[in-house]
Amino acid sequence: MTDFPPIRKAVFPVAGLGTRFLPATKSIPKEMLPIVDKPLIQYAVEEAVEAGVDTIIFVTSHKKGAILDHFDPDAELESLLLAKGNDELRKRIHNIIPDHVSTRYVIQEKALGLGHAVWCAKNLVGDEPFAVLLADDLIRSKGSGCLKQMVDEYHATGAGSLGVEEVPSSMTDRYGIVSVEKDATERNYIRQIVEKPSPENAPSNLGVVGRYILPGEIFALLESVQAGVGGEIQLTDAISRQLDSKPLLAHAFEGERYDCGSRHGFIRATVDYALEHEDLRDDMLAYFDTLRDLRN
Ligand code: UTP
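Structural notes, computed from the coordinates. (Residues numbered from 1 in each chain as written. Predicted model: local features only at pLDDT ≥ 70, side-chain atom pairs only at ≥ 80, totals over all residues. Heavy atoms only, no water.)

By nearness alone, 18 residues border the ligand, and Leu17, Thr19, Lys30, Gln108 and Gly113 come closest of all. One nitrogen or oxygen atom from the main chain of Gly16 is found 2.9 Å from an oxygen atom belonging to the ligand. Within the side chain of Lys30, an N or O atom sits 2.8 Å from an oxygen atom of the ligand. Here the ligand occupies the largest pocket. (Near = heavy atom within 4 Å. Polar contact = N/O pair within 3.5 Å; in protein donor to acceptor, adjacent residues only side chain to side chain. 1 Å grid on protein atoms, 1.4 Å probe; cavity = no way out; pocket = protein on both sides within 12 Å on 5 of 7 lines; lining within 4 Å. Sits in = over half its atoms within 2 Å of the grid points.)

The structure is reproduced here in structure tokens:
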């Protein structure tokens, strides 16, 4: 046991416009797009619950009712499935969020940026350390999920962290980029963070992915952040200021990340997750064989 307060709350910003998936995301939230048979948001919520989170906070727009509906129990559908003798399917929609976990919602009136979306959760989080998960970064791990890995590290160090991975040097302008410094325990502490630097100005090629454990003080910093890159209120800018008073770790997670906010990342995730389903695998592999000819 440690003396550090537990990470009980996780914020899910889901109020973005999802323009890269238009027209699909005109009426369906990006986070409800399915990878095989589960929406992106459910994978992220399951990752948070595995990490010990007991309060799920969705920062949503007025248009995102489907997300709320997805996590609401549906007794009618359950009894219908039961009547049809399909208890297996019924179990898959029962308690998508376990009973000990509660959900809260807050509306972000305008998509002013990720920093603003996180700030909207201020009153629901309070001043304790908390997690942020961006559901469009889907992370497949063989052992513990990415957030659980970060929570374990938090309990060992008391420091918050950002999920990071190496990105191609030519693509630094799509990520928050950090430079790091190792301490005596070989852990990487963040020295500097910059939002979407050009390859020439990037301090490294370590890109931030959508997993964060942040101290409650971040809300006060977000309040004073002005619109930055892309005219949006950037979480990166508040984190940069946070580094002056609290160390944060760069957590190079075990696992594979899929950028499901982009079409190619989404398609790759669909293929890789499909191959993990026993009932789909052989069929998919046989299908890929038929595609080999396309290269010629
Ligand atoms: P993205 O940068 O992927 O933006 O947001 P987006 O609007 O969702 O998608 P594109 O770029 O237009 O295709 C990263 C995460 O932050 C949330 C998004 O919902 C997504 O989970 N977000 C972003 C908000 O909740 N509010 C915002 O104002 C901006």
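That was the structure; now back to the text.
With that out of the way, let us pick up a nonpolar patch on the surface. A contiguous nonpolar surface patch, about 320 Å² in accessible area, is contributed by Tyr287, Leu291 and Leu294. Along the polypeptide, Tyr287 turns up in helix α11 (residues 278-291). Owing to a relative accessible area of 47%, Tyr287 belongs among the partly exposed residues under this scheme. (Patch = residues over 30% accessible without salt bridge, like charges linked within 9 Å, V, L, I, M, F, W, Y side chains within 5 Å. Areas by Shrake-Rupley, 256 points an atom, 1.4 Å probe, with all protein chains shown as cover. Salt bridge = Lys/Arg side-chain N within 4 Å of Asp/Glu carboxyl O. Helix = DSSP H or I, 4+ residues; strand = E, 2+ residues; numbered from the N terminus. Buried < 20%, exposed > 50% of the residue type's maximum accessible area, 1.4 Å probe, protein only.)

Applying the stated criterion across every chain yields a total of 19 salt bridges. Among the salt bridges present, the one from Arg90 reaches Glu78, with a minimum N-O distance of 3.2 Å. One end of the pair, Arg90, is in helix α4 (residues 87-93); the other, Glu78, is in helix α3 (residues 75-83), and 12 residues separate them in sequence. Each of the two residues, Arg90 as well as Glu78, counts as buried. In this structure, the salt-bridge partner of Glu217 is Lys246, at a minimum N-O distance of 2.7 Å. Of this pair, Glu217 sits in the loop between β11 (206-214) and α8 (218-224) while Lys246 sits in the loop between α9 (235-242) and β12 (248-252), placing them 29 residues apart in sequence.

Attention shifts here to the packing of aromatic side chains. Under the defined criterion, the tally for this structure stands at eight aromatic pairs. With 5.4 Å between their ring centres and 20 degrees between their planes, Phe58 and Tyr105 make a pair best called stacked. Residue Phe58 is located in strand β4 (residues 55-60), and its partner Tyr105 is located in strand β5 (residues 102-107); the two are separated by 47 residues in the primary sequence. Judged by its relative accessible area of 0%, Phe58 falls in the buried class. Within the aromatic cluster, the residues linked to one another by ring pairs are Phe12, Phe58, Phe71 and Tyr105. (Phe/Tyr/Trp six-rings, centres within 6.5 Å; stacked < 30°, edge-to-face > 60°.)

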